[in-house]
Amino acid sequence: MSIPSQKVSSSNKLIYQRLKQAIDLNLRRQIFIAACDDLCLRDCLAARLHTELATENPDSDPRSPIDYPRFVSLELDLSDPNPWGSIAAWLIQHPPPQNRGSYSRLPGFQILGAEHLTRHSAAVQWSFLSYLRDIEAHLQMCESTLLLWVSRPWLSSIEQSAPEFWHWRTGVFEFEGEPTPAYRDFGYSKDLRNLPDNGDSGDKLVISFLSGQSPIPEEQSPIPEEQSPIPEEQSPIPDSKSVELADLVLSAASQELEAENNSASEENFLPLQTLQYIELLQEHQCCCEALALAYHSLGYYYRDRILDGDGSEQNLTIAIRAIEQVIAYLELDANSQQNQPPTDECARLIAQLTQNLTQYAQESNSLPAISDLLNDLGTLYWMLSRDRTQNNASDPLSCLERSIALYLEGLRRTDAETAPQTRVRLNKNLGIASADLARYRDKTENLQQAVAAYKQALQDLDPAVEPQQYAAAQNNLATAYWNLAQEGEPKVYLKSAIAAYSQALSCYSPEREPLNYAGVQNNLGTAYWNLAQHEPSEALLVTAIDAYREALKYRTRELVPAAAAATYNNLGTAYWHLANQFQQKQARTESLQQAITAYETALDIAGELDRTQLTFDTLAARNNLGLAHYQLATDPDFAVNKAAQTSHLEAALHHQLQVCAEWGQHLQDKGLTYGDKLHLQAPANSQAADSRQTALSYIVKTIRAFYSECGLPGQNLALSKVPGDLLPEILRRL
């Protein structure tokens, strides 16, 4: 048996291999569309697919008595282009063997000839699209695989005019090649089983439905007249959640197969292989524990992907749905009154499941406790709430509420005596999710719940045994206290935050965990600075400065530039408050100089980073920097010479104008204009707008200071530095 001769490019070979691998999985309801305008190439690829897939799988179970094709080629009837009718007619002529169990499914079908519909009337073409739109009425015929070959114009028509069929597609494979006219030069045959061969011998490739074997005699497995030509399912239809999960996995797999630069690997097909086992386990009505084991393997495959950094909404959703199925089957198993031993077939399938999924065999052989599953599920929902990608359609509020409910349910089912570590994880995670929920609603109530959860976790933690876990919980507790202080009773909550941060530092070693240690030192400095706003004290500000400087020993711009910039900004603010509240003249001058140095360093680092990486307002920092220069130039306590005074005024004006320039860039990035009042009132813009107004008021003050200290030449010098678009507004204020 020969295959049509056609040179296949390397890119088409890669697409062909992906298509073949996808079809070879032989899963339920796989619907593929292959687009190819080169009919010679199409015939070559279709013939090769038939030759390589139609024969019995050599790896199939040797005990199977069934001799039935795995892949069938059909030509579309151009007078009545009904692909479902063609499949049904073939099944009537070749009825499936009786009692076939799990050893053989319906064959896959490839449909060819759709490109010739362009030579027929519009009514015939519309009838073809109408048949495709009726896919949901014929899904029983798609229990295995359907591959529809079309030209690119028909691919576009199907997407636009048969959206129902397009929605059910598993994958689209587009082959490169120049369009070739039908019925020309290559001996096209109306009989699909006689595909063209462009070889020199002139022989035609004859493809029988059984790859060279004789047709199955009708008397081997006759179908009674009253029986449907489509075999009835022996097992109940899977519930809607399992069907939804299967659709999600198939969609993810098809996207990977269609990816241009993604090479198919055995690991990529592992979730599809697991789906096959799940279908077989459901078909044989195996025990709930076996199904829970299979869903657990599927869920943890995607969980590991997430932990490796691919935390897409798709992966999170699949992992969530899989673990929900694990819990559902375990609950069903616990409530079941029947504990019948598994059948031989079910036991064989379970053995195959644990042996073939080698990557997860050890982990999946024993299911975790229900409380651990609830913890994992809660964490996945929490991660989904934090997914800020553009295509994420999930509501963060509902995800957080679901996460908290799962953690609480896990705690209810956990024995504090036998599983203390599980309770620690659940309480810590409950605290984190509750603190996140406080950003959306009931801030004080949710923060208090977070505090209670962290305290409970700390009761079960021994700092001598698990110092890092203990320190992390203390840091989170302190941050919850700090947030509560912003709502009321600031002194009480800030002192509690300082105590908790200090406890965390006692367990963090700067040598072993330098970044964690530095992070807590930064937080401790902020708590002391914040307390100094409510209990004015030079000692509190000095302590805050010491904490920030200790943090910067390890929070370097080389290791963590964004974090270092934030701490330098905090340090500048602490020095500025120290200079303006407590110190003598000489010390105040030094503190303002230190503030200037810290702000300049923060802005220098920030200039090398993307704005989205920063956790502080650079416009406010630049305003503060300009204000420090302005104070050094104008405050009578800071007696400086004329040259230094002019230098500070010029620096102040430079930074104030820079704020206005960056504000203009901010508007440009958002596609706004200054007069767009509606958008300027949006929360995302209000902080930047406030910084601009502050800068404008200080520009006016600085120009007046130029006039006061340097006369009219000084004022003219200052005005010469103001951009033309800003000058009218400045003159009006002057």
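This text gives an overview of the structure that appears in the document. Please read all numbers here as calculations on a predicted model, not as lab measurements.

## A short note on the overall build of the chain
Link 1 in the chain: Regarding its fold elements, the chain presents 27 helices and seven strands.
Link 2 in the chain: Expressed as a percentage of the 734 residues in the chain, the buried residues total 49%.
Link 3 in the chain: As displayed, the chain offers around 34,700 Å² of accessible surface, 49% of which is attributable to carbon and sulfur atoms.

## Focus on the packing of helix H4 (residues 122–133) against helix H5 (residues 152–161)
Link 1 in the chain: Close contact between H4 and H5 brings their axes to 10 Å; oriented N to C, the two are set at 55°. Judged by the inter-axis angle, H4 sits oblique to H5. As for how H4 packs across H5, the hand of that crossing is right-handed. Residues Gln125, Trp126, Phe128, Leu129, Leu132 and Arg133 of H4 pack against Trp154, Ser157, Ile158 and Ser161 of H5.
Link 2 in the chain: Per-class residue counts for the contact of H4 with H5 are six nonpolar, three polar and one charged.

## Structural notes on the pattern of salt bridges
Link 1 in the chain: Inspection of the entire model under this criterion finds 22 salt bridges.
Link 2 in the chain: Linking Asp436 and Arg439 is a salt bridge whose minimum nitrogen-to-oxygen distance equals 3.6 Å.
Link 3 in the chain: Taking relative accessible area as the criterion, Asp436 reaches 4% and is therefore assigned buried.
Link 4 in the chain: Through salt bridges with shared partners, a single network forms among Glu331, Glu409, Arg412 and Arg413.

## Focus: the environment of Leu250
Link 1 in the chain: Here Leu250 shows up in helix H7 (residues 240–258).
Link 2 in the chain: Looking at Leu250, the relative accessible area reads 11%, which means it is buried.
Link 3 in the chain: The spatial distance from the C-alpha of Leu250 to the C-alpha of Gly171 is 9.1 Å, given a sequence separation of 79 residues.

## Quick notes on helix H20 (residues 538–552)
Given 3.6 residues per helical turn, the α-helix brings residues three or four places apart onto the same face.
Link 1 in the chain: In this model, H20 (15 residues) spans 21 Å end to end at C-alpha, consistent with the 21 Å of a helix rising 1.5 Å per residue.
Link 2 in the chain: By the burial criterion, the buried members of H20 are Leu540, Leu541, Ala544, Ile545, Ala547, Tyr548, Glu550, Ala551 and Leu552.
Link 3 in the chain: Among the residues of H20, the N-terminal cap falls to Ser537, whose side-chain oxygen and the backbone nitrogen of Ala539 are separated by 3.3 Å.

## Looking at the packing of aromatic side chains
Link 1 in the chain: Under the counting rule described, the total for this entry stands at eight aromatic pairs.
Link 2 in the chain: Pairing Tyr295 with Tyr329 gives two aromatic rings, centres 5.8 Å apart and planes at 15°, and the pair type is stacked. Highlighted residues: Tyr295 in helix H9 (residues 288–307) and Tyr329 in helix H10 (residues 313–335), separated in sequence by 34 residues.
Link 3 in the chain: Judged by relative accessible area, which is 2%, Tyr295 ranks as buried.

## Remarks on the pairing of strand E4 (residues 145–150)
Link 1 in the chain: Most of E4 sits inside the fold, with six of its six residues counted as buried.
Link 2 in the chain: On E4, burial covers both faces: Thr145, Leu147 and Trp149 on one face and Leu146, Leu148 and Val150 on the other are all buried.
Link 3 in the chain: In the sheet, strand E1 (residues 30–35) pairs with E4 via six bridges, with the strands oriented parallel. Bridge pairing links Gln30 to Thr145 in E4.

Cut-off values and rules
Residues numbered from 1 in each chain as written. Predicted model: local features only at pLDDT ≥ 70, side-chain atom pairs only at ≥ 80, totals over all residues. Heavy atoms only, no water. Helix = DSSP H or I, 4+ residues; strand = E, 2+ residues; numbered from the N terminus. Buried < 20%, exposed > 50% of the residue type's maximum accessible area, 1.4 Å probe, protein only. Areas by Shrake-Rupley, 256 points an atom, 1.4 Å probe, with all protein chains shown as cover. Axes fitted to C-alpha atoms, helices over the stretch in contact; angles between N-to-C directions. Parallel < 35°, antiparallel > 145°, perpendicular 65-115°, else oblique. Left-handed = near helix turned anticlockwise from the far one by under 90°. Contact = heavy atoms within 4.5 Å. Nonpolar A, V, L, I, M, F, W, Y, C, P; charged D, E, K, R; others polar. Salt bridge = Lys/Arg side-chain N within 4 Å of Asp/Glu carboxyl O. Expected span 1.5 Å × (residues − 1). Polar contact = N/O pair within 3.5 Å; in protein donor to acceptor, adjacent residues only side chain to side chain. Phe/Tyr/Trp six-rings, centres within 6.5 Å; stacked < 30°, edge-to-face > 60°. Pairing = 2+ DSSP bridges.

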